[in-house]
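Chain residues, written in single-letter form:
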Amino acid sequence: MATNITKPRSPWLWVPTLYFAEGVPYVVVVTVTAIMYVRLGVSNTTMAFYTSLLLLPWSLKALWSPLVDIFGTRRRWIIIMQLLLALSMAAVALALPGAMYFRLTMASFMVMGVLSATHDIAADGFYLTALDDSRQSYFVGIRTAVYRLAIILGQGPLVMLAGWLETTFGDIPRAWAVTFYLMAGIYACIAVYHIFALPRPAADRSREARTLRQVMAEFGRTFAAFFRKPHIITALLFMLLYKFPEAQLTKMISPFMLAPTADGGLGLSTADVGYYYGTIGIVGLIAGGIIGGMAASRGGLRRWLMPMAWSMSLTCATFLYLSNADAPSGFAISLCIAVEQFGYGFGTTAYILYLMRFSAGPWSSSHYAICTGIMSLGLMLPGMAAGWLQQHLGYADFFLWTLASCAITIAVSLAARRHLPG
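What counts, and where the lines are drawn
Residues numbered from 1 in each chain as written. Predicted model: local features only at pLDDT ≥ 70, side-chain atom pairs only at ≥ 80, totals over all residues. Heavy atoms only, no water. Helix = DSSP H or I, 4+ residues; strand = E, 2+ residues; numbered from the N terminus. Rg over C-alpha atoms; globule rule 2.2 N^0.38 Å. Buried < 20%, exposed > 50% of the residue type's maximum accessible area, 1.4 Å probe, protein only. Areas by Shrake-Rupley, 256 points an atom, 1.4 Å probe, with all protein chains shown as cover. Lys, Arg positive; Asp, Glu negative; His and termini not counted. Charge placed at Lys NZ, Arg CZ, Asp CG, Glu CD. Expected span 1.5 Å × (residues − 1). Contact = heavy atoms within 4.5 Å. Salt bridge = Lys/Arg side-chain N within 4 Å of Asp/Glu carboxyl O. Axes fitted to C-alpha atoms, helices over the stretch in contact; angles between N-to-C directions. Parallel < 35°, antiparallel > 145°, perpendicular 65-115°, else oblique. Left-handed = near helix turned anticlockwise from the far one by under 90°. Nonpolar A, V, L, I, M, F, W, Y, C, P; charged D, E, K, R; others polar. Patch = residues over 30% accessible without salt bridge, like charges linked within 9 Å, V, L, I, M, F, W, Y side chains within 5 Å. Phe/Tyr/Trp six-rings, centres within 6.5 Å; stacked < 30°, edge-to-face > 60°. Lys NZ or Arg CZ within 6 Å of the ring centre and 35° of its normal. Core = buried A, V, L, I, M, F, W, Y, C linked by side-chain atoms within 4.5 Å. Polar contact = N/O pair within 3.5 Å; in protein donor to acceptor, adjacent residues only side chain to side chain.

*Asks:* Can you lay out the overall build of the chain for me, pointing to particular residues and giving the numbers?
*Replies:* Summing up its helical and strand segments, the chain has 20 helices and 0 strands in all. A compact globule built from 422 residues would reach a C-alpha radius of gyration of about 22 Å, and the chain, at 21 Å, matches this within 12%. In the chain, which comprises 422 residues, the share counted as buried stands at 58%. For the chain, the exposed surface amounts to about 16600 Å²; the carbon and sulfur share of it is 68%. The chain carries 28 positive and 17 negative side-chain charges, and their two centres are separated by 12 Å.

What follows is the structure in structure tokens.
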């Protein structure tokens, strides 16, 4: 892992794979865990609470984010974290067949979350360091689409594989263990690829040795500078609440699709869920992310913030329809998932661009980590209550509530838009 500076490499060689690698552990911890635990017989309330709690590392990563800026290079942090993440996936596989699987896998997922959050700090800082402003805007749609593609593949082919193995083995824990062993191997290959593919930008240099007092002083200056930024209250509200409806919705999508029709669900199998998200869902996601990035690069964030914020409501409206439909067809389910994914991809583009613009400055890596940590807190807290709300309201009324919650997204977006440059 030499740190000598080499000629620039095309972002196409590393931006897609870097953000795919960033998305994989996130979808495993936040989404795949929900499907796996439901299949293992864990209740919606318990599943939603504990899998939302797994977002804690992303919420708190700002506390150690300055260390990534101070020690070593971001490139080195990326590669080390990826190798350790592959090992943590293998640890989940080892724990699944045992009687204490829930405690051991939860511990492994929490470690995975810490490693993934640290990887996010390094990867996002590396992106801001290795690309100029123009390329950052151009590739934001690509990185968002690829990141979401990793999430779709986790919800799609990965879940399909687990469902097929469940049928083949007749043993749910064993099926998921094999799935995690496979993920660990693939992720290790990605880490090896990045050893050779990641560029070495001149700005990403090892920092000089620091004393503990110097480290803590810079740590304090980093946080103080963040909270002295203009319009900080509006920005904090936007970061916390833009995804308030989605935070609740995403925790209940998989249980809704897997739940029997008698309980208000769609009655799909594990493989069915993977199929729908692994086919038409990918098309909607990629279209939304790429179109969002292209639109923002031409018209600017101020112009597109509100249309993108409104598109977030599509994610709730589709599942409200499905929860009230009488035996929806496969085509209707596919269409709704495509619309949901497009709305998410398009709407998230504005959010990511806002965080990038707000975190710009001498501590861009640390400030972006603070921004995404606040975002994760905004996802974690509503998500923890989602299972309890669903079990008290039922699926149809729960999705109605999430759609009504979109008013909060629109309100904070209007407030944030006032302070954006024309």
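*Asks:* Summarise helix 16 (residues 313-324); cite the residues concerned and give the values.
*Replies:* Its 12 residues give helix 16 an end-to-end C-alpha distance of 17 Å, which sits within 8% of 16 Å, the value for a rise of 1.5 Å per residue. Taken residue by residue, helix 16 has Ser313, Thr315, Cys316, Thr318, Phe319, Leu320, Leu322 and Ser323 as its buried positions. The inward-facing, buried residues of helix 16 abut helix 12 (244-258), helix 13 (270-278), helix 15 (301-311), helix 17 (330-359), helix 19 (395-404) and helix 20 (406-417).

*Asks:* I'd like to hear about the pattern of salt bridges, residue by residue, with values.
*Replies:* Counting across every chain of the model gives 4 salt bridges. For the salt bridge of Lys61 with Asp120, the shortest nitrogen-to-oxygen distance reads 4.0 Å. With Lys61 in the loop between helix 3 (56-60) and helix 4 (65-70) and Asp120 in helix 6 (residues 101-130), this pair connects stretches of sequence that are 59 residues apart. A residue is classified by how much of its surface remains accessible, and Lys61, at 2% relative accessible area, is buried. Judged by its relative accessible area of 3%, Asp120 falls in the buried class. Of the charged contacts in the structure, one is a salt bridge between Arg143 and Asp124, with a shortest N-O distance of 3.6 Å. You can see Arg143 sitting in helix 7 (residues 133-155) and its partner Asp124 sitting in helix 6, a full 19 residues away along the chain. Residue classification places Asp124 among the buried positions, given a relative accessible area of 4%.

*Asks:* Account for the packing of helix 16 against helix 19, naming residues and giving values.
*Replies:* Here helix 16 crosses helix 19 at 160°, and the two axes come no closer than 8 Å. By the criterion of interaxial angle, the relationship of helix 16 to helix 19 is roughly antiparallel. The chirality of how helix 16 crosses helix 19 is left-handed. Between helix 16 and helix 19, the contacting residues are Ser313, Cys316, Ala317, Phe319, Leu320, Ser323 and Asn324 on the first element and Tyr395, Ala396, Phe399, Leu400, Thr402 and Leu403 on the second. In terms of residue class, the contact of helix 16 with helix 19 is built from 9 nonpolar, 4 polar and no charged.

*Asks:* Please provide a residue-by-residue account of a nonpolar patch on the surface, values included.
*Replies:* There is a patch of nonpolar side chains on the surface, built from Ile80, Leu84 and Leu87 and spanning about 260 Å² of accessible area. Using a relative accessible area of 36% as the deciding quantity, one classes Ile80 as partly exposed.

*Asks:* I'd love a proper account of the packing of aromatic side chains, names of residues and values included.
*Replies:* Using the criterion set out here, one finds 27 aromatic pairs in the structure. Both rings, one in Phe238 and one in Tyr242, keep their centres 5.0 Å apart while their planes meet at 40°; by these two values the pair is tilted. Assigned by exposure class, Phe238 and Tyr242 land together as buried. Seen from their ring centres, Phe256 and Tyr395 are 5.3 Å apart, and the 55° between their planes marks the pair as tilted. Within this pair, whereas Phe256 is found in helix 12, its partner Tyr395 is found in helix 19, the two being separated by 139 residues in sequence. For Tyr395, a relative accessible area of 6% puts it in the buried group. A cation over a ring is seen here: Arg174 above Phe169, with NZ or CZ 4.0 Å from the ring centre.

*Asks:* Describe the nonpolar core, naming the residues involved and giving the relevant values.
*Replies:* Nonpolar side chains tend toward joint burial in soluble globular proteins. The biggest cluster of nonpolar side chains holds 76 residues, and the ones touching the most others in it are Tyr37, Phe109, Phe180, Met257 and Phe319. The dominant element in this core, judged by the number of residues it contributes, is helix 1 (residues 15-39), at 12 residues. Those residues in contact with Phe319 that lie beyond four places of it in its chain are Leu249, Ile253, Phe256, Met257, Tyr277, Glu340 and Phe399. The next biggest cluster of nonpolar side chains, apart from the first, holds 56 residues, and it includes Ala62, Ile142, Met306 and Ala416.

*Asks:* Report on the side chain of Ser59, specifying residues and quantitative values.
*Replies:* If you trace the backbone, Ser59 turns up in helix 3. What makes Ser59 buried here is its relative accessible area of 12%. Reaching out from Ser59, the side chain makes a polar contact with the backbone nitrogen of Leu377 at a distance of 3.1 Å. Setting aside residues no more than four positions away along its own chain, Ser59 makes contact with Gly373, Ser376, Leu377 and Met380.

Structural measurements only, silent on function.
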